[in-house]
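# Report on the structure
These are the residues of each chain, in order.
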Amino acid sequence: PAAVIVAIDGPSGTGKSSTSKAVAAQLGLQYLDTGAQYRAITWWMLNNGIDVHDAEAVAAAADKPAIISGTDPRTPTITVDGADASGPIRTQQVTSAVSAVSAVPEVRARLTELQRTIARSAERGVVVEGRDIGTTVLPDADLKVFLTASAEARAARRSGELTGKEATDLAATREALVKRDAADSGRKTSPLAKAADADEVDTTELTLEQVVECVVTLVEKAA
Ligand code: C5P
């Protein structure tokens, strides 16, 4: 059978990553976390003294870091210039800077090309998660899923992933998340958006297992 390509988009905290990894593992597909790539470029910019709000400086450096994404859903890794960046890309500092970097067209052009190359070469098929996969990166995907959830549910899930003081401040988490989604949805170049032909799944009242089952069923129907 031909390799199946699954695009999973949606705002933060809807369960995109957990769902995408579980679906890929269950169906024996590869997995690509495009958010991790935007985070990796952002981490590199911060480490190299580039002002993330200076779009020209970000554009000029967009091609510099070497980024390699692992595609095993059980052990997703990402390296930047040969160093494992899987931990550092999840810090608050990177999270609050990433929307500015990902709005720069040169950054998007570079990563979109990289993502298409990885998806095309995935022999067993691939689950690709992000914000613009169904609309821009892989408009010919066999299945497009758009995950949503209430802002409350998203903030509660995100704060469950955080530790210590960050986790206790639910209101601040909610505010940061809503702000990041507004930036991602409002940017000019391939904003966060639901593709016209995507299946929308509201995960507010669903467990992870239920969302995974739902998406697996949709993949089996589409393949
Ligand atoms: O999914 P995650 O929260 O790790 O994504 C981090 C950020 O990367 C998003 O807030 C968004 O700014 C950017 N992103 C994007 N396009 C994608 C995936 C992520 O702009 N396809």
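Conventions adopted
- Residues numbered from 1 in each chain as written.
- Predicted model: local features only at pLDDT ≥ 70, side-chain atom pairs only at ≥ 80, totals over all residues.
- UniProt positions renumbered as here; feature names shortened; annotations may be inferred.
- Helix = DSSP H or I, 4+ residues; strand = E, 2+ residues; numbered from the N terminus.
- Contact = placed C-beta atoms within 7 Å.
- Buried ≥ 20, exposed ≤ 12 C-beta atoms within 10 Å, placed from the backbone.
- Near = placed C-beta within 6 Å.
- Nonpolar A, V, L, I, M, F, W, Y, C, P; charged D, E, K, R; others polar.
- Core = buried A, V, L, I, M, F, W, Y, C linked by C-beta atoms within 7 Å.
- Pairing = 2+ DSSP bridges.

In the nomenclature of an unreviewed UniProt entry, the chain is known as Cytidylate kinase of Streptomyces lycii. Quoted verbatim from the Sequence similarities (unreviewed entry) field of UniProt, the annotation for the chain is "Belongs to the cytidylate kinase family. Type 1 subfamily." Under the UniProt heading Subcellular location (unreviewed entry), the entry covering the chain gives this text: "Cytoplasm".

The residues that UniProt annotates with the feature "binding site: ATP" (unreviewed entry) are Gly10, Pro11, Ser12, Gly13, Thr14, Gly15, Lys16, Ser17 and Ser18. Inspection of the secondary structure puts Gly13 in the loop between β1 (5-9) and α1 (16-27). If we ignore the near neighbours within four places in the chain, the residues touching Gly13 are Ala149, Arg154, Ala155, Arg157, Arg158 and Leu177. Along the chain, the position of Gly15 falls in the loop between β1 and α1. We classify Gly15 as buried; it has 22 C-beta atoms within 10 Å. Not counting residues within four places of it along the chain, the set of residues in contact with Gly15 comprises Leu147, Arg157, Thr203, Leu208 and Val211.

Neighbouring the ligand are 14 residues; Gly35, Tyr38, Ser102, Gly130 and Arg131 lie closest to it. Contributions of two or more residues to the shell around the ligand are made by α2 (34-47), α4 (92-102) and α9 (170-186). At four residues, the largest contribution of residues to the shell around the ligand is made by α2. Among the residues making up the shell around the ligand, the classes are represented as three nonpolar, six polar and five charged.

Ranked by internal contacts, the top residues of the largest apolar core, which has 29 residues, are Val6, Val126, Val127, Val128, Leu138 and Val145. Elements represented by at least two residues in this core include exactly β1, α1, β2 (30-33), β6 (126-130), α6 (133-137), β7 (143-148) and α10 (208-222). One finds Met45, Val58, Ala85 and Val98 within the second-largest nonpolar core, a separate group that totals 19 residues.

A separate point is the sheet that holds strand β4 (residues 78-80). Judged by pairing direction, the sheet is antiparallel, and its three strands sit side by side in the order β3-β4-β5 without closing on themselves. With partners counted over all chains shown, the strands left at the sheet margins are β3 (67-69) and β5 (83-84), one partner each. With three bridges connecting them, β3 and β4 associate as antiparallel partners. By the bridge assignment, Ile68 is partnered in β4 with Thr79.

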